[in-house]
Amino acid sequence: MFEHILEVKDLGIQFKTAEGFLSAVHGISFNVKRGETVCIVGESGCGKSVSALSLIGLLPNNGEVYKGAIKFQGKDLTKLTSDEIRKLRGNDISMIFQEPMTALNPVFTIGYQLREPLKIHQGLNKARANQVAIDLLRQVGISVPEQRMKQYPHELSGGMRQRVMIAIALACNPKILIADEPTTALDVTIQAQILELLNDLKQRFETSVVMITHDMGVVAEVADRVIVMYSGEIVEQGDVETIFNHPEHPYTQGLLASVPNVDLEQDILEAIPGTMPNLEEQISGCRFHPRCPFATDKCRETKPDIFSIDQHDVRCWLKEAEADGQASRIISN
Amino acid sequence: MGKQVALYQINDVKKHYPIKSGLLKRTKKAVRAVNGITLDIQENETLGVVGESGCGKSTLGRIILGLEPLTEGELIFKGENITHYRSSQLKPLKRQMQMIFQDPYASLDPRQKIGPAIEEGLIIHTSLNAQERKQKVIELMQEVGLQPSHYSRYPHEFSGGQRQRIGIARALALNPSFIVCDEAVSALDVSVQAQVINLLKRLQQDYRLTYLFISHDLGVVKHISDRVLVMYLGNMVELASVKDLYSNPRHPYTNALLSAIPRPTVAKERVKIKLQGEIPSPANPPSGCPFHTRCPLAQSVCSDQKPEWRNIGGDHFAACHFA
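Here the structure is a predicted model, which means the values were calculated and not measured. (Residues numbered from 1 in each chain as written. Chains lettered and ligands numbered in written order. Predicted model: local features only at pLDDT ≥ 70, side-chain atom pairs only at ≥ 80, totals over all residues. Heavy atoms only, no water.)

### Brief notes about the overall build of chain B
Thinking step 1. Along chain B, the regular secondary structure elements total 10 helices and 12 strands.
Thinking step 2. For chain B, the C-alpha radius of gyration of 21 Å lies close to 20 Å, the compact-globule estimate for 323 residues.
Thinking step 3. Taken over the C-alpha atoms alone, chain B extends approximately 70 × 60 × 45 Å along its principal axes.
Thinking step 4. Per-residue burial over chain B gives 51% buried out of 323 residues.
Thinking step 5. Counting only contacts in chain B whose residues sit at least 6 apart along the sequence, the fraction spanning at least 24 positions is 64%.
Thinking step 6. In the structure as shown, chain B presents an accessible area of about 14600 Å², 48% of it carried by carbon and sulfur atoms.
Thinking step 7. When the 40 basic and 30 acidic side-chain charges of chain B are each reduced to a single mean position, those positions are 4 Å apart. (Helix = DSSP H or I, 4+ residues; strand = E, 2+ residues; numbered from the N terminus. Rg over C-alpha atoms; globule rule 2.2 N^0.38 Å. Buried < 20%, exposed > 50% of the residue type's maximum accessible area, 1.4 Å probe, protein only. Contact = heavy atoms within 4.5 Å. Areas by Shrake-Rupley, 256 points an atom, 1.4 Å probe, with all protein chains shown as cover. Lys, Arg positive; Asp, Glu negative; His and termini not counted. Charge placed at Lys NZ, Arg CZ, Asp CG, Glu CD.)

### A short note on the sheet that holds strand β3 (residues 46-50) of chain B
All names here are of chain B.
Thinking step 1. Taken in spatial order, the 8 strands make up an open sheet running β6-β7-β8-β3-β9-β10-β12-β11, and their pairing is mixed. Edge positions in the sheet fall to β6 (97-100) and β11 (310-311), since each has one partner strand and no second.
Thinking step 2. Contacts from helix α1 (residues 57-64) reach β3, β6, β7 (178-182), β8 (210-215) and β9 (227-232) within the one sheet, and its direction differs from that of β8 by about 150 degrees. (Pairing = 2+ DSSP bridges. Axes fitted to C-alpha atoms, helices over the stretch in contact; angles between N-to-C directions.)

### Some details on the layout of surface pockets
Thinking step 1. By volume, the largest pocket amounts to about 1100 Å³.
Thinking step 2. As for the largest pocket, its lining consists of 42 residues, of which T184(A), H214(A), D215(A), S186(B) and H216(B) are closest to the centre.
Thinking step 3. Going through the elements one at a time, α8 (188-205) and α9 (216-222) of chain A together with α6 (190-207) and α7 (218-224) of chain B are the ones with two or more residues in the lining of the largest pocket.
Thinking step 4. Within the lining of the largest pocket, the residues separate by chemical class into 17 nonpolar, 14 polar and 11 charged.
Thinking step 5. Along the wall of the second largest pocket there are 24 residues; nearest its centre are R89(A), G90(A), E116(A), P117(A) and I168(A).
Thinking step 6. Looking at the lining of the second largest pocket, the elements that each hand over two or more residues are α2 (82-88), β6 (93-96), α4 (110-122) and α7 (158-170) of chain A.
Thinking step 7. In terms of residue count, the dominant contributor to the lining of the second largest pocket is α4(A) (6 residues). (1 Å grid on protein atoms, 1.4 Å probe; cavity = no way out; pocket = protein on both sides within 12 Å on 5 of 7 lines; lining within 4 Å. Points joined across faces, edges and corners; volume = space filled by probe spheres on them. Nonpolar A, V, L, I, M, F, W, Y, C, P; charged D, E, K, R; others polar.)

### Thoughts on the sheet that holds strand β1 (residues 4-17) of chain A
Residue and element names in this part refer to chain A.
Thinking step 1. Strand order across the open sheet formed by 4 strands is β2-β1-β4-β5, with antiparallel pairing between neighbours. The open sheet terminates on both sides in strands that have one partner only, identified here as β2 (20-33) and β5 (75-76).
Thinking step 2. As paired elements, β1 and strand β4 (residues 63-72) share 8 bridges and run antiparallel to each other. Counterpart to I13 in the pairing with β4 is V65.
Thinking step 3. Along the sheet, helix α1 (residues 48-55) makes contact with β1, β2 and β4, crossing β1 at roughly 115 degrees.

### Some words on the nonpolar core
Thinking step 1. Core analysis: the largest hydrophobic core is formed by 99 residues, its most contacted members being L6(A), F30(A), L114(A), I166(A), I178(A), M211(A) and V226(A).
Thinking step 2. Broken down by element, the residue count for this core peaks at 8 residues, all from α7(A).
Thinking step 3. Excluding its chain neighbours within four sequence positions, the residues that come into contact with F30(A) are L6(A), E7(A), V8(A), I40(A), I227(A), I234(A) and Q237(A).
Thinking step 4. Counting 63 residues, the second largest nonpolar core, distinct from the first, contains A184(B), L188(B), V221(B) and Y253(B). (Core = buried A, V, L, I, M, F, W, Y, C linked by side-chain atoms within 4.5 Å.)

### What to know about the packing of aromatic side chains
Residue and element names in this part refer to chain A.
Thinking step 1. Counted under the stated rule, the structure contains 11 aromatic pairs over all chains.
Thinking step 2. When the centroid spacing of 4.4 Å and the interplanar angle of 15 degrees are considered together, the rings of F108 and Y112 count as stacked.
Thinking step 3. Take F108: its relative accessible area is 32%, and that puts it in the partly exposed class.
Thinking step 4. You can call Y112 partly exposed: its relative accessible area is 33%.
Thinking step 5. For the pair Y230 and Y251, a centre-to-centre distance of 4.5 Å together with 55 degrees between the ring planes defines the contact as tilted. One end of the pair, Y230, is in strand β9 (residues 225-230); the other, Y251, is in helix α11 (residues 250-257), and 21 residues separate them in sequence. (Phe/Tyr/Trp six-rings, centres within 6.5 Å; stacked < 30°, edge-to-face > 60°.)

### Digging into the pairing of β9(A)
Residues and elements named next belong to chain A.
Thinking step 1. With 6 of 6 residues buried, β9 lies mostly within the body of the structure.
Thinking step 2. Residues R225, I227 and M229 point to one face of β9 and V226, V228 and Y230 to the other, with burial holding for every one of them.
Thinking step 3. Two elements, strand β3 (residues 37-41) and β9, share 4 bridges in a ladder whose sense is parallel. For V41, the partnering residue across the bridge sits in β9 and is V228.
Thinking step 4. Inspection of the sheet shows β9 paired to strand β10 (residues 233-239) by 6 bridges, in the antiparallel sense. If you follow R225 over to β10, its bridge partner there is D239.
Thinking step 5. Joining the antiparallel neighbours β9 and β10 is a turn of 2 residues, in which S231 adopts a positive phi near 50 degrees.

### So, the interface of chain B and chain A
Thinking step 1. The interface is formed by 36 residues belonging to chain B together with 42 residues belonging to chain A.
Thinking step 2. Here chain B and chain A share an interface that buries about 3300 Å² over both sides, 55% of which is from carbon and sulfur atoms.
Thinking step 3. The largest per-residue losses of area from chain B upon contact with chain A belong to P264(B), V266(B) and E278(B), which jointly make up 19% of the total buried on that side.
Thinking step 4. Here chain B is connected to chain A by 2 salt bridges.
Thinking step 5. Residues R263(B) and D263(A) are paired through a salt bridge, measuring 2.7 Å at the closest nitrogen-oxygen approach.
Thinking step 6. Our count for the chain B to chain A interface comes out at 14 residue pairs in polar contact (both at pLDDT 80 or more).
Thinking step 7. Mapped onto the side of chain B that touches chain A, the elements with two or more residues apiece are α6, α7 and α9 (252-260) of chain B.
Thinking step 8. Ranked by residues supplied to the side of chain B that touches chain A, first place goes to α6(B) with 9 residues. (Buried area = accessible area lost by both parts, 1.4 Å probe. Salt bridge = Lys/Arg side-chain N within 4 Å of Asp/Glu carboxyl O. Polar contact = N/O pair within 3.5 Å; in protein donor to acceptor, adjacent residues only side chain to side chain.)

On their own, these measurements won't tell you what the molecule is for.
Below you can see the structure in the form of structure tokens.
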């Protein structure tokens, strides 16, 4: 079949605003293998969430994919009609949102919301769907599932709600699970439980997971591969050991250095100076150069190419000299 | 540390919110948000308070600032018993105690320019004239890393990190000696969070500030604190110097909390202590030790007897039968 279950090629997303079109994601490419967990990290405004939403056709009304392709099992999702994509959503591709209280419908019971995808996508009748739903709740570690089925979202705690969301997302055995900050709203002890649950489920069902997060700790825990985004672009991607042990892009290095680590004695945190640029800000050359300690004239003038060694991609001119000979260079726009 | 005079003493403070129900709205039960906290906050230290949501850490911060009346206990600020002070009596003290909030956007008036927002405290508490006040505001803005040209901008024109700097400038305006930071950096991105933490540390040295730093993030708390208090369900669990607490946690809850933090390093598998279940409701707390329902070491004594808060050696305190 396909080596990559999901292939994203040169994806660009823009939003319609009063002042015209505003590009939020300017051409990102990545692949996801079967059973692999890919984490997309970056700070707020880097485009990680809209990228995730575009994968299942959930961009807000004023947003659109203006270039590139999202290939799921060879099919280009950007070319599908909304009816066709609805058949995939919740079935082959499903999503876990950050805030389960806003993602669950407050006026329907847990049971109703769990049965819904089973009835729609798998054509189960109510009694059968009920059984499957109870089973799902048990699998995500909810006690007395029969009783929970009759409860409403507000009757459950935050961790429990997130488990319900995961159960709904898994209802139709999706091939890809997209998780947008699934544990950010939870306490650490509950977060640990949910991350373990996700890892466990992934292994059991061979689901591929695309996780969006800003927490480097969570990334280290769950990822096989890591994509670092900055201001609408991928600045570095590679497997998890490479990114954490040998980060090459100055932004990735800065990001890792600014996380307070409980295992280390640090006197002063190395902050990255400045702030993330706004979308409308025109920055020549590398978009990170105003905050980069190593910026040269070349960085200020020309947008860096992507330099790639052993599937470790870095979008930075610093890699150019080193890359000569051994790295392949991907010229970008 | 023992001989120093405490800046702020908190003696057995409790805050219970009544739950009224039934036809006559009688008080049936109470939510025990804060259930007996005794603390000495030393001058010029940073006392971190950590715990999961619902553990009462924010309520404690509000009680300490006199924003929330307490049910029981005593508050002594600089030797003065302020427990039953009326608001007019509290007013002169309030300029010495300030707060930095989690979400600076929610705590700033969207229609007020930030210069006047920082100035507000000066109008209420000082007799400076308009020109002197403006001068002072601009000094404050520079101190926290804002440009003087930002004076007449509105809050929405700033990024999250800059807004938090505005919040810090407001808190600093009256030269306070004591600042409660309630999740002050939790809403910020890591790169900016590190900037704000470094700023807070520098200001503490320059102005001899005392911080009560409330946060759920154990990494941040470790970085900024001198001593750390761990709370669970309104109770004190463990209190020790930062070094002791992180290298030698004695209470099983502290241990579990520390082991649950995802580490930003790829290393060999760590052995994690997994807690079962969730935090019980503070309206209906468990008998005995509040943590016994989730504790991996729990014995029968834990459900019968509430463990005593005791010194387990060298200013390290814990409430556990087995610590």
